[in-house]
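A closer look at the structure
Spelled out, the chains give:
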Amino acid sequence: MKALGRQPLDRPPVWFMRQAGRYLPEYRELRSRYSFEEAMRTPSLAAEITLQPARRFPLDAAIVFSDIMTPLTAWGVSIEFAPGPRLPPLELREVAMLPEFEPGKVDFVAETISIVRRSLDPQMALIGFAGGPATVLAYLLEGGGSPNFGGLRAAAHDDVIGDALDRLAGMTRAYLHLQAEAGADVVQLFDTWAGLLSRDQFTRWVIPAAKKALAGLGLPTIYFAPGATHVMDEFHLVGATAYGVDWRLSLAEAWRRVGESRPLQGNLDPALLLSSPDRVRTGTAKVLEEAGGRPGHIFGLGHGIFPATPLTNVEAMVRTVVEWEGYASETRQAG
Ligand code: 1CP
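As a starting point, this report considers the structure included with it. (Residues numbered from 1 in each chain as written. Predicted model: local features only at pLDDT ≥ 70, side-chain atom pairs only at ≥ 80, totals over all residues. Heavy atoms only, no water.)

**Some thoughts on the packing of helix H1 (residues 25-33) against helix H3 (residues 43-56)**
- Following both chains from N to C, one finds H1 and H3 inclined at 160°, their axes separated by 9 Å at the closest point. As summarised for this structure, H1 and H3 are arranged roughly antiparallel, according to the angle between their axes. For the crossing formed where H1 meets H3, the hand is right-handed. Residues Pro-25, Glu-26, Tyr-27 and Leu-30 of H1 lie in contact with H3, whose contacting residues are Leu-45, Glu-48, Ile-49, Gln-52 and Arg-56.
- When its residues are assigned to classes, the contact of H1 with H3 shows five nonpolar, one polar and three charged. (Axes fitted to C-alpha atoms, helices over the stretch in contact; angles between N-to-C directions. Helix = DSSP H or I, 4+ residues; strand = E, 2+ residues; numbered from the N terminus. Parallel < 35°, antiparallel > 145°, perpendicular 65-115°, else oblique. Left-handed = near helix turned anticlockwise from the far one by under 90°. Contact = heavy atoms within 4.5 Å. Nonpolar A, V, L, I, M, F, W, Y, C, P; charged D, E, K, R; others polar.)

**What to know about the pattern of salt bridges**
- One pass over the structure, following the stated rule, counts 19 salt bridges.
- The closest approach of N and O atoms between Glu-102 and Lys-105, which form a salt bridge, is 3.7 Å.
- Residue classification places Glu-102 among the partly exposed residues on the basis of a relative accessible area of 46%.
- When salt bridges with common partners are traced through the structure, they connect Arg-199, Asp-233 and Glu-234 into a single cluster. (Salt bridge = Lys/Arg side-chain N within 4 Å of Asp/Glu carboxyl O. Buried < 20%, exposed > 50% of the residue type's maximum accessible area, 1.4 Å probe, protein only.)

**A few points about the side chain of Asp-67**
- Within the secondary structure, Asp-67 sits in the loop between strand E1 (61-63) and strand E2 (80-81).
- Buried within the structure, Asp-67 lacks any salt-bridge partner; Arg-18 is the closest side chain of opposite charge, at an N-O distance of 4.8 Å.
- There is a polar contact of 3.1 Å between the side chain of Asp-67 and the backbone nitrogen of Met-69.
- Residues contacting Asp-67, with those up to four places away along its chain left out, are Phe-36, Met-40, Phe-81, Phe-129 and Tyr-175. (Lys, Arg positive; Asp, Glu negative; His and termini not counted. Polar contact = N/O pair within 3.5 Å; in protein donor to acceptor, adjacent residues only side chain to side chain.)

**Quick notes on the sheet that holds strand E8 (residues 264-268)**
- If you trace the seven strands from one edge of the open sheet to the other, you get E1-E4-E5-E6-E7-E8-E9, paired in parallel fashion. Of all strands in the sheet, those bounded by a partner on one side alone are E1 and strand E9 (297-301). Adjacent strand axes in the sheet meet at a mean angle of 25°, parallel and antiparallel pairs treated alike.
- Bridging between E8 and E9 involves five bridges; their strand directions are parallel. In the sheet register, Gln-265 faces E9, and the bridge partner there is Ile-298.
- Strands in contact with helix H10 (residues 251-258) are strand E7 (242-244), E8 and E9; relative to E8, the strand with the most contacts, it is inclined by about 150°. (Pairing = 2+ DSSP bridges.)

**Section: empty space enclosed by the protein**
- One pass over the structure, following the stated rule, counts three cavities of 30 Å³ or more.
- Roughly 80 Å³ of internal volume is contained in the largest cavity.
- A breakdown of the residues in the lining of the largest cavity according to their chemical character gives six nonpolar, four polar and two charged.
- By volume, the second largest cavity is sized at about 50 Å³.
- Elements supplying a minimum of two residues to the lining of the second largest cavity: E8 and E9.
- Of the residues that constitute the lining of the second largest cavity, the class distribution is six nonpolar, four polar and no charged. (1 Å grid on protein atoms, 1.4 Å probe; cavity = no way out; pocket = protein on both sides within 12 Å on 5 of 7 lines; lining within 4 Å. Points joined across faces, edges and corners; volume = space filled by probe spheres on them.)

**What about the site of the ligand?**
- If you check the shell around the ligand, you find 24 residues, and the closest are Arg-18, Tyr-27, Tyr-139, Thr-192 and His-303.
- Side-chain polar atom of Tyr-27 to an oxygen atom of the ligand: 2.5 Å apart, as the coordinates give it.
- At 2.6 Å from an oxygen atom of the ligand is found a side-chain nitrogen or oxygen belonging to His-303.
- Out of a free accessible area of 890 Å², the ligand has 89% covered by protein chains.
- For the ligand, the cavity whose grid points lie within 2 Å of the majority of its atoms is the largest pocket.
- Grouping the constituent residues of the shell around the ligand by class yields 14 nonpolar, six polar and four charged. (Near = heavy atom within 4 Å. Areas by Shrake-Rupley, 256 points an atom, 1.4 Å probe, with all protein chains shown as cover. Sits in = over half its atoms within 2 Å of the grid points.)

**Quick word on the environment of Gly-326**
- With respect to the element layout, Gly-326 can be found in helix H13 (residues 326-334).
- Take Gly-326: its relative accessible area is 16%, and that puts it in the buried class.

In structure tokens, the structure reads:
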């Protein structure tokens, strides 16, 4: 929370995307007994999974265990996970006409957040999240994951996409509000596939929808759109508190594009975590040096951790951040 407020710190806080998930043996053990849907819809189980990574590593934040497709179940959309989401595809016009979203139908997410809040170390932040409207639309049009999300890309040539995204943005905002009320400290919008669109399409469609989804929530917000470096200089129009950076761009260059005064989160390449602890330590130090102790850096990965990641490498990354003394010694030398 201090980093989001750009307060000076001895080292950046650390958490990472998909920290509650398949690389953890205790997660796999729990999943051998419950399906993904059961685990996500049962607050005691979802809370347990949310807390798992924090028991193993000295992290500064927990992210609620859920999925970007979860709020759609309030509309009666039936979703299976295998492991990615599968659902009956919708037409662009059908999305534009979805009825009013009723957050009460996904109050299991609020219940999960309040359980986590009670058990979480008060020093740790709790992160709520939702999918970006364009990303959720990509899955709705396709009926699941896709190598190229042609449905979204075709839709971006049709003005009806504006109505569809507006509908989803309203839902997303209500869903994030529910999480804020339940006790989330900060929320992140995952716009995973928005970067597939052109700069013009992104500016015209993606940004207004993301902006609406995050508007007036009364808590800090993080916007993450990997693969969108071609439009990063326009990110500030989303109006988030902070912006996520993927592994493709250096933090220094990202600061130039997003704005030097805006907090950034990232950006170690998650693929490096498939190598050795030594390489991970070197890579982590490089990211920390790039941030150079500037206020408003949250250490994280450039995208979600791979399920095959060895725990020793995660340990090496998190330890390197929490034991980092580079900034303190720079200050001492300067003094
Ligand atoms: O156990 C299993 O088999 C399920 C695997 C899994 C998990 C652990 C899925 C299915 N979702 C999740 C949890 C999840 N999803 C979290 C939990 C919190 C954490 O980060 O620890 C979060 C934030 C998400 C978000 C999510 N789901 C995104 C955006 C983030 C990103 O990685 O870009 C996306 C694109 C999804 C869709 C989804 N859900 C699950 C999978 C495997 C996928 C992606 C695959 C596809 O596109 O087909």
